Every structure is written in structure tokens, then in C-alpha cells.
Amino acid sequence: MDVGDNTTQVTASAGEAPGDRQGGAPRRRWWTLAVVSAAQLLVVLDGTIVNIALPSAQHALGMSDGDRHWAITAYALAFGGLLLIGGRVSGAVGHRRTFLIGLAGFAASSALGGAAVNPLMLFGARALQGGFAAALAPAGLSLLTTTFTQAHERGRAFGVFAAVGAGGSAIGLIAGGLLTEYAGWRWCLYINVPVALLAALGITLVPADRPIAGRGRLDVAGALLSLAGFAAVVYGFTRAEPLGWGSAEVQALLAGGTALLAAFVVVEIRAAQPLLPMRVLLHRARAAAFCAITLMFVAMFGFYLFMSYYTQTVLGYSPVRAGLTLIINALATLAGSMLIAGRLHGRVRPAAVIVPGLLTAAAGMLVLTRLSATGTDVFAVALLPALVLTGLGLGCVMPPTAGLATEDMRGHDIGAASAAYNAAQQLGAALGTALLNTLAASATATYLASRPHPRPDAAVVHGYTTALTVACVILLAAACLTLALFTTRRARPSKPRTGARG
């Protein structure tokens, strides 16, 4: 059975009348896309918008340097750790209902954070934001999966969804700079409230679905192991940036998190109602999608970090100008998602879009390895082509990987696959930020120690280019591994009764 048949079956079983799939259905389908995209923007944007506001928030609330990272870490830990549980809840409660709960909770926790009077209140609000985002993200992707069943519409829908998700990080940096400079840091959190409320009003026009029958008992052991294991790994990556990879704390977190996740896999294999059925992961087409998006996020989150610092500390851009520079990347991502990946969906195999996308992004990283601290034409020669190439590459990778992650899924597997896809992005972002920033700092220190009279700017740029070279290699490796997974077996359904792609 192909994905259209599967999702039609799910939608029909959710209580949609035949007439809803005809006359008024097109308008309601595209309204679903608008609402889900708005929520996706909130989830992704909040991963970066607070970064720009953090210095102001630290000063206003009296945070210590050692504690300030919790404004970022609390969101990442709650979001990443609760994603699989959020996917399960989405299937059990209903995707639209879970989506609405996530929106309302996200708005309330954002308002709480904006009104924070001390660091603990802000950290708690950020953790709540992450928890509600963990329900919101998989529910939104599941709604798209069950709403868009025709190949051409599915391509366009996932193209828009992916463009919003990919551009959200850059938009977060821009919005954070503008709001912090002209309205105050609290508005970096308050801004979520009207957007979430508008999306919540719009959800009333989205066709209702029903909870999936036969959901059974919650896999409590799997839920606890996934929460603890994922949180430990993400926190380990986060702490690796300030402490270094050789730190006993970092190594204990990563080793403990890996052991917990291994135990999670064992529990899921034996569980009658697993939180994450292994069939979701042990499938070559989906494995290729997860591999591609994880490694793409490893490279891109390091890229965003370096572009922000390079433009401000080396080129002397203001925070607003630095953020506006990244608009080029967001626009290129939009073009890659809608004009390339969206139009090619259903016409070519996913590998024909994903692998060239990874190679295009790698080419953009390669351009940046030629950055210098003194060039007057650096924007035209390096930044502009790199921003365009990485944006096009990211735009070509996200729509087909999002589609593959949930394709041919039924029942609870839709929510589980949606959650796993978001978890792959979260892991990649956390690892990329920590790994590439650590490599850059190490290369900078080596440069300074190896030269008698080094220029600080030259040392910093050397660190950036070294890390970006590694990012380029990561993307090339991702392209090779993804291609190998796609070509080992054909990514087409061969056994309708299992819904697997053979």
C-alpha cells in the first residue's frame, strides 16, 4: 500500500466525512499547512531567538555566568527528552487535540518566561516551553502526513513546512536582535503569545481526527529511559562546549546517556506497545532520511554559530545587520524547498534530491574555508555564495527527509516517526554546536601558540575555517552514507501488509 492509501485510510478512520475530502477539502488542507507552519516556526525560532537576548536577560535578572546557559539548555533538554513521549501522546489523544494543547501551553509558558522576575522563573518557563514543543512538533508533522496524500500537493506542503523549519533558526537570530534592541529582551518570549494564539484560532478550521484505537498502556519503562538517555546525551553535548570533550562530567554524561538509550532499544524490542517501534528505524529509506537530516543539522548549526560571530566580531556588523545577512540563507532555503524539492516530489526518487542537496551544502562550506580576516570583498566572494549554497542544500534535504520519515506509517507509528525525525534534528543541532565550536576553539588556541606574534582576528578565523572544513567533510560523508542506504535496497513499498519500503 502506498503512502496515499495509508494516510487516506488513517484520515477516514479519524472520522472525516467523504464530502470533506472533496468540495471544501483543498481550502482546509492548505489552512492546515498554514497553521502547522506557524507552529513549526515557533518551535524552531525559540531555539535561537533567546541566544541574542541572553546578555540583556542576564543583566536584568542577575544571572551568574555559570548559570546563564540554562536559559538555552532547559529548553533543549525538555524538548529533546520528551519528543518520543509527545509522539505517543499525539496518537493516543489525537493529533489535532495534542497540537492545540501544545500551542496553548507554549503560549502560556512564553508569557511566564517574559514576565520572569528571577533566573529560576525564566529557566522553569523555558523548560515548560520545551515540554509543550515536544508535543507540538510531532503532532504538527503528523497532521501534515495525514492531510496531504496526493504526490504533487504533498511535495508542495512539505516544501513549505521544511522551508519554515529551516529558516526558523536564521529568523530567530534576526528577530532576537531587532526585539532586544528596540523592544527589550522580554519581547523575545512575549512575541510567541500572539503567534500561538492565532495558530490556535486557525486550528478550528483543521479537520478533526480521533484518538487511534487500541493504544494500550503507555510504555512507562521506555518513556523514562528515552527521557533520561536523550537528556543526558544532549546535556553532555552542551557541556562539552565550555568544559571540553575530555572533561569527566562530559564523558560520564555521554557514556551514561548512551547506556540508557541502549537499554531503551532493548526495552522497545520486547515491549508489547513500544514507545518507538523498531520498525520505524530499521528501514533503509527512513534510516537514510534520519542519517541525512541529523548530519545536515550537525553541520548547519555550527555554520549559523560561526556566521553570527564572524560577521559581528571580525567584520564589525551590528547584531541586526548580522541577522539580516542570514536572510539570504533563509531565502535560499525557501527556494530549495519549494522550487526544487517541492516540485520534484513524486517525480524523482528522494535520493536524487537529498544527495545533491548534501553535496550543494558541502560546496557552500568549502567556500567558507577561504575566509580571511582582512578581505574587503569577503561578502561577495565568500559569504554570499556560501549562504546561497548552504540554503539551497538545506532546502533540498528537509522536505524529502520529512516525507520519508512518516511515509507508509499507520496508527501510532505516525506519531513515533514524527517524533523520531524531530529528535534526529535536535541531536544533530546539539552535537553540531558543541563539536564544531570545540574544534574552532582548539584550532584558534593552537594557532596562537604556534606563532610568535599572531593577530587575534586571524587566529579566530583560522579556528572557524578549520571547523567549517570538518563540517564540509561531515556533509560529504552524509551524502555517501545516504546514497549507500538508498541504493542497497529500492525505496519502494513491496509488502503492503507491513507498510515497509523494500
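Every chain begins its residue count from 1, and numbering advances along the sequence as written. Where local features are concerned, this predicted model is filtered to residues with pLDDT of at least 70; where side-chain atom pairs are given and counted, the filter is 80 or more; whole-chain, interface and lining totals use all residues. Side-chain metrics rest on all non-hydrogen atoms present in the structure, leaving aside hydrogens and water.

Some remarks on the overall build of the protein
At step 1: Each helix and strand in the protein was counted, giving 19 helices and 2 strands.
At step 2: Three labels apply to residues, based on accessible area from a 1.4 Å probe with only protein chains included: buried if under 20% of the type maximum, exposed if over 50%, partly exposed otherwise in between. Per-residue burial for the protein yields a buried fraction of 54% across its 502 residues.
At step 3: Taking the intrachain contacts of the protein between residues at least 6 apart in sequence as the baseline, contacts between residues at least 24 apart amount to 82%.
At step 4: Within the structure as shown, the protein displays about 19800 Å² of accessible surface, and the carbon and sulfur contribution to it stands at 65%. Numbering of helices and strands runs from the N terminus; a helix is a DSSP stretch of H or I covering at least four residues, while a strand is a stretch of E covering at least two. The contact definition used throughout considers only heavy atoms, calling two residues in contact when any of these lie within 4.5 Å. A 1.4 Å probe and the Shrake-Rupley method give the accessible areas. Residues count as covered only by the protein chains that appear here.

Describing the packing of helix α13 (residues 284-314) against helix α17 (residues 378-406)
At step 1: The convention used is that axes are lines fitted to C-alpha atoms, helices contributing only their stretch in contact, and that angles between N-to-C directions extend from 0 to 180 degrees. The interhelical angle for the contact between α13 and α17, taken along N-to-C directions, is 150°, at an axis separation of 9 Å. In terms of orientation, α13 and α17 fall into the roughly antiparallel class. Of the two possible hands of crossing, α13 and α17 adopt the one that is left-handed.
At step 2: Considering only residue class, the contact of α13 with α17 consists of 20 nonpolar, 4 polar and 1 charged. To sort the angles, those under 35 degrees are grouped as roughly parallel, those over 145 as roughly antiparallel, those from 65 to 115 as roughly perpendicular, and the leftovers as oblique. Helix crossings are classified by the rotation of the near helix relative to the far one: an anticlockwise turn of less than a right angle makes the crossing left-handed, while a clockwise turn makes it right-handed. Residues are grouped as follows: nonpolar covers Ala, Val, Leu, Ile, Met, Phe, Trp, Tyr, Cys and Pro; charged covers Asp, Glu, Lys and Arg; every other residue, Gly included, is treated as polar.

Observations concerning the environment of Thr 438
At step 1: Tracing the backbone shows Thr 438 in helix α18 (residues 412-450).
At step 2: Residue classification places Thr 438 among the buried residues on the basis of a relative accessible area of 16%.
At step 3: For the pair Thr 438 and Pro 242, spaced 196 residues apart in sequence, the C-alpha separation works out to 8.2 Å.
At step 4: Not counting chain neighbours up to four residues away, the residues in contact with Thr 438 comprise Ala 240, Glu 241 and Trp 245.

What to know about the pattern of salt bridges
At step 1: Here a salt bridge means any side-chain nitrogen of Lys or Arg lying within 4 Å of a carboxyl oxygen belonging to Asp or Glu. Using the criterion set out here, one finds 2 salt bridges in the structure.
At step 2: For Arg 126, the salt bridge identified is with Asp 46, shortest N-O distance 3.2 Å. Taken as a pair, Arg 126 in helix α6 (residues 119-147) and Asp 46 in the loop between α2 (25-45) and α3 (49-61) lie far apart in primary sequence, 80 residues in all.
At step 3: Two residues, Glu 249 and Arg 239, come together in a salt bridge whose shortest N-O distance is 3.3 Å. Of this pair, Glu 249 sits in helix α11 (residues 248-270) while Arg 239 sits in helix α10 (residues 220-243), and the two are 10 residues apart along the sequence.

Some thoughts on the packing of aromatic side chains
At step 1: Aromatic pairing here means that ring centres of Phe, Tyr or Trp (its six-membered ring) are within 6.5 Å. Orientation follows from the plane angle: under 30 degrees is stacked, over 60 is edge-to-face, and everything else is tilted. A complete count under the given rule lists 8 aromatic pairs for this structure.
At step 2: With 6.2 Å between their ring centres and 65° between their planes, Phe 237 and Trp 245 make a pair best called edge-to-face.
At step 3: On the basis of relative accessibility, which here comes to 29%, the residue Trp 245 falls in the partly exposed class.
At step 4: Here the aromatic rings of Phe 301 and Tyr 304 are separated by 6.0 Å at their centres, their planes lie at 80°, and the arrangement is edge-to-face. Placement of both Phe 301 and Tyr 304 in helix α13 is noted, with a separation of 3 residues, approximately one turn of the helix.
At step 5: Here a set of aromatic residues connected by ring pairs shows up, and it is made of Phe 297, Phe 301, Phe 303 and Tyr 304.
At step 6: Lysine NZ or arginine CZ positioned within 6 Å of the ring centre and within 35 degrees of the ring normal marks a charge as sitting over the ring. The lysine or arginine in question, Arg 321, covers the ring of Tyr 317, its NZ or CZ lying 3.9 Å from the ring centre.

Notes on the nonpolar core
At step 1: Definition used in this section: a nonpolar core is a set of buried Ala, Val, Leu, Ile, Met, Phe, Trp, Tyr and Cys residues joined via side-chain atoms within 4.5 Å. In this structure, Phe 99, Leu 103, Leu 358, Met 365 and Leu 371 are the most contacted members of the largest nonpolar core, which totals 117 residues.
At step 2: In terms of residues, this core owes the most to one element, α13, which gives 18 residues.
At step 3: Residues Ala 57, Leu 61, Met 63 and Cys 188 belong to the second largest nonpolar core, which totals 16 residues.

Looking at helix α16 (residues 351-368)
Because each turn of an α-helix spans 3.6 residues, side chains separated by three or four positions end up pointing in the same direction.
At step 1: Across its 18 residues, α16 extends 26 Å between first and last C-alpha, which sits within 8% of the 26 Å expected from 1.5 Å per residue.
At step 2: All of the buried residues in α16 are Ala 351, Val 353, Ile 354, Val 355, Gly 357, Leu 358, Ala 361, Ala 362, Gly 364, Met 365 and Leu 368. One less than the number of residues in a helix, times 1.5 Å, gives the span that helix is expected to have.

Quick look at the environment of Met 398
At step 1: Looking at the secondary structure, you find Met 398 in helix α17.
At step 2: Overall, Met 398 belongs to the buried group, its relative accessible area being 3%.
At step 3: For the pair Met 398 and Ile 293, spaced 105 residues apart in the sequence, the C-alpha separation amounts to 6.9 Å.

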